Amino acid sequence: MTGARDQVTRLLALAPYLQSRGEVRLSTVAEDFGVSPRQVIGDLKVLWMCGLPGLAPGDYIDIDFEALEEDPDGLVRIDNAEYLSRPVRLSSSEAAALIVALRTLRESAEESSRAVIDRTLAKLEEAAATGGTHLEVHLPDQAPELARHRAELDRAISDDRQVRLEYYVPTRDENTDRTVDPIALLHSDGKDYLDAWCHQAGGRRLFRLSRVQSVTVLDTPRAVPDVEPRDLAHGLFEPDPDDAVARVRLSPELRWFVDYYPVTAVTEAGSGALEVELRVSDPLWLVRLALRMAPGLEVLEPDDVRRQVRDNASSARALYPPA
């Protein structure tokens, strides 16, 4: 099974590939994209549900699946996708959203990547201006604040001192105050992190520096000074022994979940569904995730989280009077 990111990349290339060739044998498509014929069929079924905004039946991309059912190595044909060859024109809101995203990305990008981002921004801003819309997007400069936080944390590590952090927790949308023993400053995927022992959580945690609101170096020495820094070469997720083990059921439409979330076990559950296990340090995070992805994600265990999801869903329904 290929990942969701790989599939999106293929889909972006598959439509113009088929459109430019008219018709291609399934085996040739699979060979050109380096995947199995079965995976190509899966990609085509996703592409089949794509179309212009409005989602009227006549706007969907049309694919001849009957030919493939009659011949396992039949011809792949695509119709009703002529608009893919037309130049893409962004609305002012779409251009503004892209500019904001790129400027935000630039703040945390490595120096080697900033030149590419700057060129893209220049072209995007020029195109927006040519279309009659002048956009100026200004974002607060976080670089000086991040630099100060890094310097304070580096000093605390060198001087063997504890630190008080004011840290924003997005899953609860709140700032928290906590005392930590800083272990190391780390960098991964263009972002800075603090590897530290958190006395509030009673365990080791990874703090994203962009979410740190303030840093105060304390006079008290670190309680756990001699700990090896984490190795982020294989990703950020490192389960804690105290984390709860959760089990959820995913509908076929949410099979991509396993490529984006730190699951520890995956089991086929029939009819395309999956049952997966994952480690959860904050049960509230799983409650919110289940509510956001309902009905495709069903919490099976732990029982208390399952009850919280059910109770929250009932409370939400109660806000809407029956029709």
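First, a word on what this report is: a plain description of the structure on this page. What you are looking at is a predicted structure, and each value in this text was computed from that prediction instead of being measured. (Residues numbered from 1 in each chain as written. Predicted model: local features only at pLDDT ≥ 70, side-chain atom pairs only at ≥ 80, totals over all residues. Heavy atoms only, no water.)

A tally of helices and strands in the chain yields 10 helices and 12 strands. Taking contacts inside the chain between residues at least 6 apart in sequence as the whole, the part at least 24 apart equals 55%. (Helix = DSSP H or I, 4+ residues; strand = E, 2+ residues; numbered from the N terminus. Contact = heavy atoms within 4.5 Å.)

The next thing to look at is the sheet that holds strand β11 (residues 274-280). Pairing in this open sheet of 4 strands is antiparallel, and the strands run β10-β11-β9-β12 from one edge to the other. What marks the edges here is a single partner per strand, and that holds for β10 (263-268) and β12 (297-301). Taking each pair of neighbouring strands and ignoring which way they run, the sheet shows an average axis angle of 25°. Across 4 bridges, strand β9 (residues 244-250) lies against β12 in antiparallel orientation. Across the sheet, residue R249 finds its bridge partner in β12, namely E298. (Pairing = 2+ DSSP bridges. Axes fitted to C-alpha atoms, helices over the stretch in contact; angles between N-to-C directions.)

Looking now at the environment of L18. Mapped onto the elements of the fold, L18 is located in helix α1 (residues 4-21). Linking L18 and V76, residues 58 residues apart in sequence, is a C-alpha distance of 7.7 Å.

This paragraph deals with the sheet that holds strand β6 (residues 191-198). The strands making up a sheet associate through backbone hydrogen bonding, with each pair oriented either parallel or antiparallel. Across the sheet, 5 strands lie side by side as β7-β6-β5-β4-β8; this open sheet has antiparallel pairing. Every interior strand has two partners, whereas the edge strands, β7 (203-208) and β8 (212-221), have only one. Direction aside, neighbouring strands of the sheet carry axes that sit 45° apart on average. Relative to β8, strand β4 (residues 161-169) is paired through 6 bridges, and the arrangement is antiparallel. Of the residues in β8, the one forming a bridge with R164 is T216.

The next thing to look at is helix α2 (residues 26-33). For α2, every residue scored as buried is listed here: L26, V29 and A30. Taken down its axis, α2 places every buried residue within 95° of arc, on the same side. G34, located one to two residues past α2, shows a positive phi value of around 70°. (Buried < 20%, exposed > 50% of the residue type's maximum accessible area, 1.4 Å probe, protein only. Arc of directions from axis to C-beta.)

Before going further, it helps to examine the packing of aromatic side chains. Tallied over the entire structure, the rule returns 1 aromatic pair. Judged by centre distance (5.0 Å) and plane angle (80°), the ring pair of Y167 and F207 falls under edge-to-face. Residue Y167 is found in strand β4, and its partner F207 is found in strand β7; the two are separated by 40 residues along the sequence. Overall, Y167 belongs to the buried group, its relative accessible area being 8%. A relative accessible area of 2% means that F207 is categorised as buried. (Phe/Tyr/Trp six-rings, centres within 6.5 Å; stacked < 30°, edge-to-face > 60°.)

Let us now look at the nonpolar core. Ranked by size, the top nonpolar core spans 20 residues in total, and within it V248, L250, F257, V276, L286, L297 and V299 carry the most contacts. Those elements that place two or more of their residues in this core are β9, α8 (257-260), β11, α9 (283-293), β12 and α10 (303-318). Per element, the largest residue contribution to this core is 5 residues, and it comes from α9. Not counting the four nearest positions on each side in its chain, L250 is found in contact with F257, V258, A273, L274, V276, G296 and L297. Core analysis: the second largest hydrophobic core is formed by 16 residues, L165, Y167, A196 and L209 among them. (Core = buried A, V, L, I, M, F, W, Y, C linked by side-chain atoms within 4.5 Å.)

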